[in-house]
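# Survey of secondary and tertiary structure
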Amino acid sequence: MTIASSFIRLCRQIVGDANVIADPALLRVYECDALAAYTQLPDLVVLPDSVEQIPAVLRLCHVHQIPVVARGAGTGLSGGALPVPGGIVLGLAKLNRILGVDPINRTATVQPGVRNLAISEAARPHGLYYPPDPSSQIACSIGGNIAENAGGVHCLKYGLTVHNVLQIKLATITGELLTLGGSGLDGAGYDLLALAIGSEGLLGVVVEATLRLLPTPPRVQVLLAAFATIEQAGAAVADIIGAGLIPAGLELMDNAAIRATEAFVHAGYPVEAAAILLCELDGQPEQVDADLARAEALLRAAGASEIRVAADAAQRQRFWAGRKAAFPAVGRIASDYYCMDGTIPRRHLAAVLAEIATLAERYGLSVVNVFHAGDGNLHPLILYDAGRPGDFDKAEALGGDILELCVRVGGTITGEHGVGHEKLPQMCVQFQAAELEQFHALKQAFDPDGLLNPGKAVPTLHRCAELGKMHVHGGRLPHPELERF
Amino acid sequence: MTNADMSDVVVEQIRQAGAARRPLRIVGGNSKTFYGGADTADTVLSLAEHRGIIAYEPSELVITARAGTPLADINETLTEHRQMLGFEPPAFGTRATLGGTLACGFSGPRRPFAGSARDFMLGCRIVNGRAETLNFGGRVIKNVAGFDVSRLMVGALGTLGVLLEASLRVLPMPEAELTLAQSLAEDQALAAMNRLQGQSLPLSALSHHDGRLRVRLSGAETAVAAAAARIGGEILGDGPEYWHALREQALAFFAETGDLWRLSVSPAALLSALPGRQLLDWGGALRWLKTDAPAEAVHAAARAVGGHAVLWRGADKTAWLSAEPALAGLQSRLCAAFDPYGLFNPGRMPF
Ligand SMILES: Cc1cc2nc3c(=O)[nH]c(=O)nc-3n(C[C@H](O)[C@H](O)[C@@H](O)COP(=O)(O)OP(=O)(O)OC[C@H]3O[C@@H](n4cnc5c(N)ncnc54)[C@H](O)[C@@H]3O)c2cc1C
Ligand SMILES: Cc1cc2nc3c(=O)[nH]c(=O)nc-3n(C[C@H](O)[C@H](O)[C@H](O)COP(=O)(O)OP(=O)(O)OC[C@H]3O[C@@H](n4cnc5c(N)ncnc54)[C@H](O)[C@@H]3O)c2cc1C
């Protein structure tokens, strides 16, 4: 189906000619997000340049029953912003104004297209910053962060996006503007703010957000600990948390990751180590000193073969350089890689990493591990060669197996990247039919016609049955009286 | 501590209530009935016998317990491992249950510095109005699979579903804690609180009433001592008792007669237009207001600074919460999506 020219004309009236893209060559830019394995050419891209245009575009789509996929910076890693056939992509990148920083109440109010890092930059003169820091923070938008409930290195201590947003304005598919949350620390009635965060563009479009800012910690310190076995490193993570220490960041790199990044950035990592842990502590100087002494003792007791404490800011940056450059470093040793995202209970770290290695061997692929160990959020990078027929299919299948392993040990199929298009099959593993149906019913309360990002995040039971992941009795689903989208 | 899994009994009661279209009043420990709209159902669904800690792994910082588990049992177990519920929930008596605590979503003085009840919610098992048992979220800190139904349950007063069990993140107890006090007028205290919150200090509570600003510090012994020297003020010997009394609303302020309002506003907001007396908690972001102003004036004053007001204890139950009209429609559709026959706590939410 292609979109009628009369509809395109109406879009142009709302946002102006220059902000509507219908030329197939230009549409190509929007055919995927950062998960480039899945592509779909959109029929039309609409780029509002004022907030008021958003409800108007949504209302128009509602009247004409045209599906809408919101798009921030397109850095998503689960195909969340993948266009849907016959639909439009609503690009929010032009709405990139910081509306205000309130240093007394410690908040920033921003438009959805503002880049994550730009918020902390605007807050810095006031000694404040915005804590959630996805690795993509120089590029990703706050609207996309809210839609994905993004996390980052520091969320073990400072929380995910959901813990740091006070209020959003959400445009519904019928063009209503809802204010969820408030200027205080909680709202009244149902917590629709928490529900909207992480809803992957299925419930409404975020058009404005008010975020909590924190004082910049005066002191930051980083420890690098090397281990001779992955088991020791995994146990050290559990020991640190169990002892009551909550570092600002606790990241693990396995031997393959250490070697790949060392060859790339020459951070001085111990390349013989089976694993290294990077442990960051921040806060008031006296607190950091106390935590540092405890962390060092705990790491030593856990059997670290070497512990380095960054002597100055330059060395601290060098410790982090490898971790931060891990993705491009892996890009140099493999023509393609597929980044997975699952969370497990921390105590299973070593066993799960061993099982991933066994699975990888079975598929004949290599896996590099560099991830947020403190919150059990794994990011196995599966190396493959897109030029070799069948290689991506193998990578995709291995990725699926890894996610199902996460569920088996009591974890989840996504810690921060979202379900998007990518993880629909695994949703059928993590959730039962009645739970998926409850999600659909919830979605209907916001979007009865299913026009917002349809087909993403929550699979239909038909789809689960097709994938062989869920048994549907005699072709009958629970509650056949309910409409499905 | 007793242990019993009453899930089957609860599900069967809900199934029968659904078949008969007979609404239920969900009851935990009977400590918070004063809050919310007037519940019109007369059949009681008790969760009080459905209790027990199901899983607790200190190194994971996660506890899972049945909804009827007394808060006291949970606190006792956590204390043994020097851990705690970071949101310091008020119990309002000894019978408070985990389910009632989460359904109300109240958080104590530590909230601005550690997070709220919903912030600590990781996952839950619920029964919806179709008598289906459903699991949402999980037992890990990071999880973004599906809509965040578990956090939606916090503060929903049981109107979306009956909580059977919940998994909460917990926090290590601080090594040291210290309370400072200073005599300050309200507007000066408000400014001081916000100044303190703009700096990197180990704050864990900030309140003001009766002309006294109180500051709680938590962290390493050395860090607390250094911060105390920087902030100054008198060290209170009975700090822990004070914060306990504030959390449980056992201070004299709460005992006075008249309507008591709870206002959630930006921490530096000035609400001088309203008559009455207020107690500031949460570093200024939570105001307890004793006033005889009409409900509409209080709601309007809170709205004017971008916040919300609820009537905490008062005569007119219909005025307890004012929902925005646009939101009211959405909230009632959402309620119907979970509880299509209107079984759970009718009247408790204003839609
Ligand atoms: C056997 C029995 C006898 C009673 N006798 C009396 C009496 O004599 N006098 C009287 O005034 N009241 C009586 N009640 C009423 C009852 O105790 C209160 O109505 C109840 O609201 C209080 O429990 P809480 O302290 O755990 O939190 P609650 O105050 O129980 O609950 C607070 C809120 O949370 C909801 N909630 C609680 N648990 C859950 C859950 N697991 N899932 C979802 N929502 C939940 C509640 O519906 C309510 O909205 C009786 C109840 C029972 C079961
Ligand atoms: C190198 C790299 C590193 C990364 N590291 C991290 C990390 O550490 N942590 C992490 O959490 N993620 C990470 N990501 C993933 C990605 O950056 C995040 O998911 C980010 O939040 C997406 O933001 P975006 O603006 O690019 O959104 P997009 O990719 O444009 O969209 C993502 C989803 O959000 C929806 N959406 C976008 N804007 C809105 C809006 N205004 N209203 C409603 N829905 C909207 C879209 O429909 C889509 O479903 C990384 C990605 C890359 C490429």
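Residues numbered from 1 in each chain as written. Chains lettered and ligands numbered in written order. Predicted model: local features only at pLDDT ≥ 70, side-chain atom pairs only at ≥ 80, totals over all residues. Heavy atoms only, no water.

The helix and strand tally for chain B stands at 12 helices and 17 strands. In summary, chain B has a C-alpha radius of gyration of 21 Å against a globular reference of 20 Å for 351 residues, a match within 12%. For chain B, the spread of C-alpha atoms along the principal axes amounts to about 65 × 50 × 35 Å. In chain B, buried positions account for 62% of the 351 residues. Taking contacts inside chain B between residues at least 6 apart in sequence as the whole, the part at least 24 apart equals 69%. Accessible surface for chain B amounts to roughly 12,500 Å². Of this, 52% is attributable to carbon and sulfur atoms. Distance between charge centres in chain B, computed from 33 positive and 34 negative side chains, equals 4 Å. (Helix = DSSP H or I, 4+ residues; strand = E, 2+ residues; numbered from the N terminus. Rg over C-alpha atoms; globule rule 2.2 N^0.38 Å. Buried < 20%, exposed > 50% of the residue type's maximum accessible area, 1.4 Å probe, protein only. Contact = heavy atoms within 4.5 Å. Areas by Shrake-Rupley, 256 points an atom, 1.4 Å probe, with all protein chains shown as cover. Lys, Arg positive; Asp, Glu negative; His and termini not counted. Charge placed at Lys NZ, Arg CZ, Asp CG, Glu CD.)

Here helix α3 (residues 53-64) of chain A spans 17 Å end to end across 12 residues, near enough to the 16 Å set by a 1.5 Å rise per residue. Just downstream of α3(A) lies A:Gln65, where phi reads positive at about 55°. (Expected span 1.5 Å × (residues − 1).)

With that out of the way, let us pick up the confidence of the model for chain B. Taken as a whole, chain B shows an average pLDDT of 94; of its residues, 99% reach a score of 70 or greater. Across the whole predicted complex the pTM is 0.94, and at the interface the ipTM reaches 0.96. (pLDDT = per-residue confidence, 0-100.)

Turning our attention to the sheet that holds strand β1 (residues 20-21) of chain A. In sheet architecture, strand pairing relies on hydrogen bonds along the backbone and comes in two forms, parallel and antiparallel. Residue and element names in this part refer to chain A. Taken in spatial order, the 4 strands line up as β1-β2-β4-β3 in an open sheet, and their pairing is mixed. The sheet is open, and its two borders are formed by β1 and β3 (68-71), each paired with just one other strand. Relative to strand β4 (residues 88-91), β3 runs parallel, the two sharing 4 bridges. Each bridged residue has a counterpart across the sheet, and for Ala-70 the counterpart in β4 is Leu-90. Against the sheet, helix α1 (residues 5-15) contacts β1, β2 (44-46) and β4, and its axis sits at roughly 15° relative to β2. On top of the sheet, α3 reaches β2, β3 and β4; it is set at about 170° to β4, its chief contact. (Pairing = 2+ DSSP bridges. Axes fitted to C-alpha atoms, helices over the stretch in contact; angles between N-to-C directions.)

Attention now goes to the pairing of strand β8 (residues 165-171) of chain A. Residues and elements named next belong to chain A. Among the 7 residues of β8, 6 are classified as buried, and the element is accordingly described as predominantly covered. Note: β8 against strand β10 (residues 205-212), 6 bridges, orientation antiparallel. If you follow Gln-167 over to β10, its bridge partner there is Thr-210. Inspection of the sheet shows β8 paired to strand β9 (residues 177-181) by 5 bridges, in the antiparallel sense. Bridge pairing in β9 links Lys-169 to Thr-179. Hairpin connection between β8 and β9: a loop of 5 residues separates the two successive antiparallel strands, and Gly-175 in this loop has a positive phi of roughly 90°.

This part covers the site of ligand 2. Residue and element names in this part refer to chain A. For ligand 2, the set of nearby residues contains 34 residues, the closest of which are Ala-70, Gly-72, Thr-75, Ser-136 and Ser-141. Take Gly-74: an N or O atom from its main chain is 2.8 Å from an oxygen atom of ligand 2. The contact in question runs from a nitrogen atom of ligand 2 to an N or O atom on the backbone of Val-206, over 2.9 Å. In isolation ligand 2 offers 970 Å² of accessible surface; the protein chains occlude 93% of this area. Of all the secondary structure elements, the ones that give two or more residues to the shell around ligand 2 are β3, α5 (142-148) and β10. Element by element, the count of residues in the shell around ligand 2 is highest for α5, at 5 residues. Of the residues that constitute the shell around ligand 2, the class distribution is 14 nonpolar, 16 polar and 4 charged. (Near = heavy atom within 4 Å. Polar contact = N/O pair within 3.5 Å; in protein donor to acceptor, adjacent residues only side chain to side chain. Nonpolar A, V, L, I, M, F, W, Y, C, P; charged D, E, K, R; others polar.)

This paragraph deals with the environment of A:Leu211. Residue and element names in this part refer to chain A. By the element assignment, Leu-211 lies in strand β10. As for Leu-211 and His-379, which are separated by 168 residues in sequence, their C-alpha atoms are 27 Å apart. With sequence-adjacent residues up to four places away left out, Leu-211 is seen in contact with Arg-106, Thr-107, Ala-108, Val-110, Ile-119, Tyr-130, Ile-142, Asn-164, Val-165 and Leu-166.

Residues and elements named next belong to chain B. In this structure the tally under the stated criterion is 16 aromatic pairs over all chains. Taken together, the aromatic side chains of Phe-92, Phe-106, Phe-253, Phe-254, Trp-288 and Trp-312 make up a single cluster linked through ring pairs. Against the face of Trp-243 rests Arg-216, its NZ or CZ located 5.3 Å from the ring centre. Lying over the aromatic face of Phe-253, Lys-290 brings its terminal NZ or CZ to 5.2 Å of the ring centre. (Phe/Tyr/Trp six-rings, centres within 6.5 Å; stacked < 30°, edge-to-face > 60°. Lys NZ or Arg CZ within 6 Å of the ring centre and 35° of its normal.)

Moving on to unusual backbone geometry. Residues and elements named next belong to chain B. The phi torsion at Phe-92 lies on the positive side, around 50°, for a residue other than glycine. We note that Asp-210 has phi near 50°; this positive angle belongs to a residue other than glycine. By the element assignment, Asp-210 lies in the loop between β11 (203-209) and β12 (212-219).

Take the interface of chain B and chain A next. By convention, interface size is frequently given as the accessible area that disappears when the constituent parts associate. Every contact between the two is made by 74 residues of chain B and, on the other side, 87 residues of chain A. Between chain B and chain A the total buried area reaches about 6,500 Å² when both faces are included, carbon and sulfur atoms providing 58% of it. Per-residue buried area on chain B facing chain A is highest for B:Lys142, B:Val144 and B:Phe147; these three make up 15% of the total on that side. Inspection of the region where chain B meets chain A yields 7 salt bridges. With its nearest N and O atoms 4.0 Å apart, the salt bridge here joins A:Arg346 to B:Glu60. (Buried area = accessible area lost by both parts, 1.4 Å probe. Salt bridge = Lys/Arg side-chain N within 4 Å of Asp/Glu carboxyl O.)

A separate point is the sheet that holds β10(A). All names here are of chain A. Spatial ordering of the open sheet is given by β5-β6-β10-β8-β9, a layout of 5 strands whose pairing is antiparallel. Edge positions in the sheet fall to β5 (98-102) and β9, since each of these pairs with one other strand and no more. Adjacent strand axes in the sheet meet at a mean angle of 15° when their direction is disregarded. Pairing between strand β6 (residues 107-110) and β10: 4 bridges, direction antiparallel.

Another aspect to go through is the side chain of B:Glu88. Residues and elements named next belong to chain B. Within the secondary structure, Glu-88 sits in the loop between β5 (83-84) and α3 (98-104). Of note is the side chain of Glu-88, whose polar atom sits 3.0 Å from the backbone nitrogen of Arg-110. If near-sequence neighbours (up to four positions away) are discounted, Glu-88 is found in contact with Ser-107, Gly-108, Pro-109, Arg-110, Arg-216 and Arg-247.

Turning our attention to the nonpolar core. Note that soluble globular proteins tend to have their nonpolar side chains buried in a common cluster. Membership of the largest hydrophobic core comes to 199 residues, with the highest contact counts inside it found for A:Ile168, A:Leu299, B:Ile14, B:Leu263, B:Leu334 and B:Phe338. Among the elements that line this core, the one with the most residues is helix α16 (residues 433-446) of chain A, at 8 residues. Not counting the four nearest positions on each side in its chain, B:Ile14 is found in contact with B:Leu24, B:Leu45, B:Val127, B:Asn128, B:Ala131, B:Val162, B:Leu343 and B:Phe344. Judged by nonpolar contacts, the second largest core, of 26 residues, contains A:Val57, A:Ile66, A:Leu95 and A:Leu452. (Core = buried A, V, L, I, M, F, W, Y, C linked by side-chain atoms within 4.5 Å.)

Our next topic: the state of the cysteines. Under the counting rule described, the total for this entry stands at 1 disulfide over all chains. Here A:Cys428 connects covalently by a disulfide to A:Cys464, the sulfurs 2.0 Å from one another. Between A:Cys428 and A:Cys464 the sulfur-sulfur dihedral comes to about -80°; the bridge is accordingly left-handed. Here A:Cys464 lies in helix α17 (residues 461-466) and A:Cys428 lies in helix α15 (residues 424-430), a separation of 36 residues in the sequence. With a relative accessible area of 4%, A:Cys428 lands in the buried category. By relative accessible area, which is 0% here, A:Cys464 ends up buried. A:Cys155 supplies the cysteine sulfur nearest to A:Cys140, a cysteine that is in no disulfide, at a spacing of 13 Å. Counting only cysteine sulfurs, B:Cys104 is the nearest neighbor of B:Cys124, a cysteine outside any disulfide, at a range of 15 Å. (Disulfide = S-S within 2.5 Å.)

The next thing to look at is the pairing of strand β4 (residues 62-66) of chain B. All names here are of chain B. In terms of residue burial, β4 counts as a mostly covered element, since 5 of its 5 residues are buried. Burial along β4 is two-sided: the residues Val-62, Thr-64 and Arg-66 and Ile-63 and Ala-65 are all buried. Strand direction decides the pairing type here: strand β3 (residues 53-57) and β4, joined by 4 bridges, are antiparallel. From the neighbouring strand, Ile-53 faces β4, where its bridge partner is Ala-65. Hairpin connection, β3 to β4: the antiparallel pair is bridged by 4 residues, and Leu-61 has positive phi, about 60°.

The subject of this paragraph is the pattern of salt bridges. Residue and element names in this part refer to chain B. One pass over the full model with this rule turns up 33 salt bridges over all chains. In this structure, Arg-151 and Asp-148 form a salt bridge, with 2.6 Å as the shortest nitrogen-oxygen distance. Owing to a relative accessible area of 5%, Arg-151 belongs among the buried residues under this scheme. Exposure remark for Asp-148: the relative accessible area of 13% places this residue in the buried category.

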